[in-house]
Amino acid sequence: MNINRGEFKENIKLKLKEQFGKTISCATKQEIFDAVSRAAMDYVLDNWLDTKKTYAEEEVKQAYYLSAEFLMGRALSNNLVNMLIEEDVAEVLNELGFNYNEVEDTEPDAGLGNGGLGRLAACFLDSLASLKLPGHGYGIRYRYGMFEQKIIDGYQVEFPDNWLKNGDPWSVKRKDESIEIKFGGKVTLVREENGRERFKRVDAEVITAVPYDMPIVGYNNKTVNTLRLWEAEAEDGFDLQLFNDQEYIKAMSKESITEDISRVLYPNDSGPSGKALRLKQQYFFVSASVQDIVRNYKKKYGNDFSKFAEKVAMQLNDTHPVVAIPELMRIFLDWEGLNWDTAWDITTKACAYTNHTILAEALEKWPIDLFSGLLPRIYQIVEEINRRFLAELNEKYPGDWARTHRMGIIADGMVKMAWLAIVGSHSVNGVAALHTEILKNQELKDWYELYPEKFNNKTNGVTQRRWLLKSNKELAKLLNEKIGTDWAINLSELKKFEKFIDDEEVVNRFMKIKYENKVKLAEYIKEHNNIDVDPNSIFDVQVKRLHEYKRQLLDVLNIMALYNRLKENPDLDIYPRTFIFGAKAASGYRRAKLVIKLINSIANKINNDQSIKGKIKVVFIENYRVSVAEKIFPASDVSEQISTAGKEASGTGNMKFMINGALTIGTLDGANVEIVEEAGEENAFIFGLKADEVLELNKTNSYNPWDEYNRNLELKKVIDQLVDGTYSPDNREIFRELYDSLMYGVEGNRPDQYYVLRDFASYAEAQRKIGATYRDKIDWAKKAMINVANGGKFSSDRTIQQYADEIWEIKATEVK
Ligand SMILES: *Cc1c(COP(=O)(O)O)cnc(C)c1O
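Residues numbered from 1 in each chain as written. Predicted model: local features only at pLDDT ≥ 70, side-chain atom pairs only at ≥ 80, totals over all residues. Heavy atoms only, no water.

To keep it simple, the criterion reads: UniProt positions are given in the numbering used here, feature names are shortened, and annotations may be inferred rather than shown by experiment.
The name recorded for the chain in an unreviewed UniProt entry is Alpha-1,4 glucan phosphorylase, from Haliovirga abyssi. Quoted straight from UniProt, the Catalytic activity (unreviewed entry) entry for the chain says "[(1->4)-alpha-D-glucosyl](n) + phosphate = [(1->4)-alpha-D-glucosyl](n-1) + alpha-D-glucose 1-phosphate". Looking at the chain in UniProt, the text filed under Cofactor (unreviewed entry) is "pyridoxal 5'-phosphate".

Structural data, given as structure tokens:
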């Protein structure tokens, strides 16, 4: 789109005056951010209204992505890029005496998610709008998003993420579209005048869900879809009766109890919290969203629900929103008077479920008394779903009680959300080819046998607009020059870049761009960590949530071994390396937090040891989040994707590295398998156990880490160093738990359940190859270019088009 710079400038001044009563000369950068955002929002609003109008008039089918997490990051720069006006705005700001990048940096991340699952939801919204597809997001407007991580004395310390403290120019509150949500109370049967019986909830706690809408701006088109996030508000703010009884403080406190529901994001990545408040959050946003969807449907199509599944698709992002299934049933049965079979048919056709994890402990289940106490009517409906399902099962497998027990939606005193999701959906998908196969053949084998037609794969992707066009501007420019600009909306165009590996000028420019990006990251590290890192060294990066299955510890043990080698032989000729980590640990995940302490301890020792002449450096980048990720990927040479094979469902960080020209060192896990398929095994460093080998070792229980320890002196030494005070001279016991979990197993787990020691030697060998390969910088750059050129598959545009065609049946719609 085109903007008139003069007009835009005046608009910024106007917003500044309206919002802060200020003129340019005394405005802060943060205030300028607010004013610029509001000025840009004026342009967005017209398209937003037109988009809604077009969808309504053309009666198109719309998809709704229900997700407890949306890890959006910053909005300003992303929206300006998609509107093609970022340069204009930067220039306008310049004329006003402000630096665009500094203004951009004042925007807090909308960090309403933990990691990959939440970021996927954000990439999907970008792709939907950019492909002109009618698809929207529904979630929770957490008052506090993902905690801010500070490293104090080497330990992670969590601080609240008060992302709304300066307001939110990118949200529009729609108080008039608020919805009532009911918790607790009793279910009674009432007889209506026509003689029909109907269930009614009485004595329930009523909470108001207030929607805040964020515009999702499509790339270079008129489409603006909606991310609707719900905030909990107390009905009146205070209890009038208590107020009249002179109980002022008590009366006012009701507000804060109610608003607890949307107060904070649970910081558990791929694992349930098991907390009642979490279930309350889930039902809160799901009930509001489903009621909203039905309300919108009725506005257009009245009370005839026969077309509901032709107009509405709901995608359940993991099990968190799965109460949508009984909630939709409740509305159809209790409010709209549909019979069970009709309601069930529509519900299963409208709902689809995405599974995100193979970790058994991550499958959500709720104790019956908690679930039925909070959601009594929903529980009744789940009981009936289960009763009918078990009857169906008994017909198919008569007498197979073991199977019935395994597959019961309600069993062992629990309500099993994944089972409910599979029964109540027409589609069940995994997020990478290997992951879907593991679901079908192992984790969900029973279910695949019963419903083979439901299972399908949708390999994850990332949006190239944010992760390349916006964050790696110089590489984007080179691509535009050499292969045209279509890659921004059709990533398979990148393939055309491959032929330039033989063009010396292009290879040199590619290398220079990577180098400049590394210089910038080195500056960031100097400013934030006060560590000098050499941009000529190999930037070897592992950024992702801290989890044992992701095996940051394997990376650390290899660094410790490398350091030992250098200590023994200071003249050892290794290519200089900078090992960069970024990771948040769940606040209650003690062992993960201990790994962060270990990384910082080895960093402290290695970075300050003059004897190794700066050949290796270790950096822990604090508070890893989307806006920092955008600075890291473009500056990376090596992408660490080293999870225990079979454990990482897909990974998406791996894809962001690839399209920014980093080479993968990884196991054949998740989407790494497909990345290597596309890039060629010779352009990656693959090592370690395969998923089927891990499975076999698990089955036969035949693995003993002491075998590895005893046959590998280098490994023995680094394991011993965990507890001999090398990295914790004041208290050699600090890392004892890590040692014990590797060598003995703790809390009922087997020793080294993630096969760190088993994969150590082959990882170290792959690492050695990296050092050797990097010596030929031209050859390395060619491999990096081949990775970029073959990254086309990993656009979330491809993923979303598959969801649209194969699950949702929604169509691109030109906004009028
Ligand atoms: C992409 C991304 C992730 C997911 O990374 P994985 O390596 O796939 O686990 C997590 N956090 C942020 C901030 C991201 O941008």
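Text resumes after the structure shown.
Some points on the pattern of salt bridges
Heads up, the rule is: Note on definitions: salt bridges are taken to be side-chain nitrogens of Lys or Arg within 4 Å of carboxyl oxygens of Asp or Glu. Secondary structure elements follow DSSP: runs of H or I of four or more residues count as helices, runs of E of two or more count as strands, with numbering from the N terminus. Burial classes: relative accessible area under 20% of the type maximum marks a residue as buried, over 50% as exposed, and values in between as partly exposed (1.4 Å probe, protein chains only).
Taken as a whole and assessed by the stated rule, the structure comprises 78 salt bridges. Two residues, Arg406 and Asp446, come together in a salt bridge whose shortest N-O distance is 2.7 Å. Of this pair, Arg406 sits in helix H15 (residues 401-407) while Asp446 sits in helix H18 (residues 445-450), and the two are 40 residues apart along the sequence. A relative accessible area of 16% places Asp446 in the buried class.

A look at helix H17 (residues 433-443)
Each α-helix winds once per 3.6 residues, and so residues spaced three or four apart point in a common direction. Just so we agree on the cut-off: By the convention used here, residues are in contact when the closest approach between their heavy atoms is within 4.5 Å.
Within H17 the residues assigned to the buried category are His435, Thr436, Ile438, Leu439 and Lys440. Close packing links the buried residues of H17 with strand S18 (427-430), H18, strand S19 (455-457) and helix H27 (691-700).

Comments concerning the UniProt feature "modified residue: N6-(pyridoxal phosphate)lysine" (unreviewed entry) in the chain
The UniProt record marks Lys656 with the feature "modified residue: N6-(pyridoxal phosphate)lysine" (unreviewed entry), using the residue numbering of this structure. Once residues lying within four places of it in the same chain are set aside, the contact partners of Lys656 are Arg119, Val462, Trp467 and Phe633.

A look at the nonpolar core
Our working rule: What makes a nonpolar core is a set of buried Ala, Val, Leu, Ile, Met, Phe, Trp, Tyr and Cys residues whose side-chain atoms join them at distances within 4.5 Å.
Among the nonpolar cores identified, the biggest contains 127 residues, and Trp487, Phe497 and Ile616 are the most heavily contacted of them. Counting residues per element, this core draws most heavily on helix H22 (residues 552-568), which supplies ten residues.

Focus: the sheet that holds strand S20 (residues 538-543)
Adjacent strands of a sheet form backbone hydrogen bonds with each other and so pair up, either parallel or antiparallel. Note the threshold: Strand pairing requires that DSSP identify at least two bridges connecting the strands. Whenever a helix is involved, its axis is fitted only over the stretch in contact; in every case the axis is a line through C-alpha atoms, and angles between N-to-C directions fall within 0 to 180 degrees.
Reading across the sheet, the six strands line up as S22-S21-S20-S23-S24-S25 and stay open at both edges, with parallel pairing between neighbours. Two strands bound the open sheet, and with one partner strand each, they are strand S22 (616-620) and strand S25 (685-686). Examined bridge by bridge, strand S23 (residues 638-641) and strand S24 (residues 663-666) share four bridges and lie parallel to one another. Paired with Val638 across the two strands is Leu663, which belongs to S24. Lying on the sheet, helix H23 (residues 590-607) is in contact with strand S21 (577-582) and S22; it crosses S22 at an angle near 145°.

Comments concerning empty space enclosed by the protein
This is how it is decided: Cavities and pockets were defined on a 1 Å grid built over protein atoms only: a cavity is a set of grid points that admits a 1.4 Å probe from which the probe cannot escape, a pocket is an open set flanked by protein on both sides within 12 Å along at least five of seven lines, and lining residues are those with an atom within 4 Å of any such point. Grid points are joined across faces, edges and corners, and a volume is the space filled by probe spheres set on the points. Ten residues, namely Ala, Val, Leu, Ile, Met, Phe, Trp, Tyr, Cys and Pro, are considered nonpolar, four, namely Asp, Glu, Lys and Arg, are considered charged, and the remaining ones, Gly among them, are considered polar.
Throughout the structure, instances matching the rule amount to five cavities of 30 Å³ or more. Looking at the largest cavity, its volume works out to about 180 Å³. Those elements giving two or more residues to the lining of the largest cavity turn out to be H22, H23 and helix H30 (736-743). Considering each element in turn, the lining of the largest cavity owes the most residues, three residues, to H30. Each residue belonging to the lining of the largest cavity can be placed in one class, and the counts come to eight nonpolar, six polar and five charged. Lining of the second largest cavity is provided by Val60, Gln62, Tyr64, Ile293, Asn296, Tyr297, Lys300, Tyr301, Lys311 and Val312. Where the lining of the second largest cavity is concerned, the elements lending two or more residues are strand S1 (62-66) and helix H9 (276-301). With five residues, the single largest contributor to the lining of the second largest cavity is H9. Of the residues contributing to the lining of the second largest cavity, the split by class is six nonpolar, two polar and two charged.

Looking at helix H26 (residues 672-679)
Listing the buried residues of H26 in full gives Asn672, Glu674, Ile675, Val676 and Ala679. Buried positions along H26 lie against H17, S23, helix H25 (653-659), S24, S25 and helix H32 (777-789). Gly680 occupies a position one or two residues after H26 and carries a positive phi of about 95°.

Here we look at the packing of helix H1 (residues 5-20) against helix H2 (residues 29-57)
For the record, the criterion: Each angle gets one of four labels, with under 35 degrees taken as roughly parallel, over 145 as roughly antiparallel, 65 to 115 as roughly perpendicular, and the rest as oblique. Each crossing gets its handedness from the near helix: less than a right angle anticlockwise from the far helix is left-handed, clockwise is right-handed.
At a minimum axis distance of 8 Å, the contact between H1 and H2 shows a crossing angle of 120°. Judged on the interaxial angle alone, H2 and H1 are oblique. Where H1 crosses over H2, the two elements pack in a sense that is right-handed. In this structure, H1 uses Glu7, Phe8, Asn11, Ile12, Lys15, Leu16, Gln19 and Phe20 to contact H2, whose residues at the interface are Glu31, Ile32, Asp34, Ala35, Val36, Arg38, Ala39, Ala40, Asp42 and Tyr43. Its residues assigned to classes, the contact of H1 with H2 shows ten nonpolar, two polar and six charged.

Focus on the site of the ligand
Test applied: In these notes, residues near a molecule or strand are those with any non-hydrogen atom within 4 Å of it. The definition of a polar contact used here is a pair of N or O atoms within 3.5 Å, where within protein one atom must be able to donate a hydrogen and the other to accept one, and adjacent residues in sequence count solely through side-chain atom pairs. Accessible surface is estimated by sampling points in the Shrake-Rupley manner with a 1.4 Å probe; for residues, cover comes only from the protein chains shown.
The local shell around the ligand holds 13 residues, among which Lys544, Lys550, Thr652, Gly653 and Lys656 are the closest. Gly653 has a polar backbone atom sitting 3.0 Å from an oxygen atom of the ligand. Between the ligand and Lys656 there is a distance of 2.6 Å, counted from an oxygen atom to a side-chain nitrogen or oxygen. Relative to its free-state accessible area of 390 Å², the ligand is covered by the protein chains to the extent of 96%. For the shell around the ligand, a count of residues per class yields four nonpolar, five polar and four charged.

Notes on the sheet that holds strand S17 (residues 414-416)
One open sheet holds the three strands; their spatial order is S15-S17-S16, and the pairing between them is antiparallel. Among the strands making up the open sheet, the edge pair consists of strand S15 (365-367) and strand S16 (410-411). Bridge count for S16 against S17 is two bridges, and the pairing is antiparallel. Residue pairing in the sheet places Ile410 in a bridge with Val415 of S17.

Description of the layout of surface pockets
The space that makes up the second largest pocket amounts to roughly 990 Å³. Mapped onto the lining of the second largest pocket, the elements with two or more residues apiece are H17, H23 and H27. Ranked by residues supplied to the lining of the second largest pocket, first place goes to H27 with five residues. Of the residues that constitute the lining of the second largest pocket, the class distribution is 16 nonpolar, ten polar and 13 charged.

Some words on the packing of helix H31 (residues 756-774) against H32
Packing of H31 against H32 brings their axes to within 7 Å, and their N-to-C directions diverge by 115°. Considering the angle they form, H31 stands roughly perpendicular to H32. Together, Ile770, Thr773 and Tyr774 of H31 and Lys777, Asp779, Trp780 and Lys783 of H32 make up the contact between the two elements. Among the residues making up the contact of H31 with H32, the classes are represented as three nonpolar, one polar and three charged.

Considerations on the pairing of S1
Strand residues, when the strand is regular, have side chains that alternate between the two faces of the sheet. Counting buried positions along S1 yields five of five residues, so the element is predominantly enclosed. Covered by surrounding structure in S1 are Gln62, Tyr64 and Leu66 together with Ala63 and Tyr65, the residues of both alternating faces. Pairing geometry for S1 and strand S13 (residues 312-317), over five bridges, is parallel. Within S13, the position partnered with Tyr64 by the bridge is Met314. Of the pairings in the sheet, the one linking S1 to strand S4 (residues 135-140) comprises four bridges and is parallel in character. Counted as the bridge partner of Leu66 is Tyr138 from S4.

Re the packing of aromatic side chains
Filter applied, for reference: Note on aromatic pairs: the rings of Phe, Tyr and Trp (six-membered ring only in Trp) are paired at centre separations within 6.5 Å, and the planes decide the class, stacked below 30 degrees, edge-to-face beyond 60, tilted for the rest. Counted as over-ring charges are cases with an Arg CZ or a Lys NZ within 6 Å of the ring centre that also lie within 35 degrees of the ring normal.
Tallying each qualifying case throughout the model produces 30 aromatic pairs. Between Phe371 and Tyr379 the ring centres are 6.2 Å apart and the planes differ by 65°, which places this aromatic pair in the edge-to-face class. Assessed through its relative accessible area of 0%, Phe371 is described here as buried. Exposure remark for Tyr379: the relative accessible area of 11% places this residue in the buried category. Feature note: the residues Tyr297, Tyr301, Phe305, Phe308 and Phe332 constitute an aromatic cluster, connected by ring pairs. Lying across the ring of Tyr212, Arg141 places its NZ or CZ 3.8 Å from the centre. Cation over ring: Arg403 sits above Tyr397, and NZ or CZ is 3.9 Å from the ring centre.

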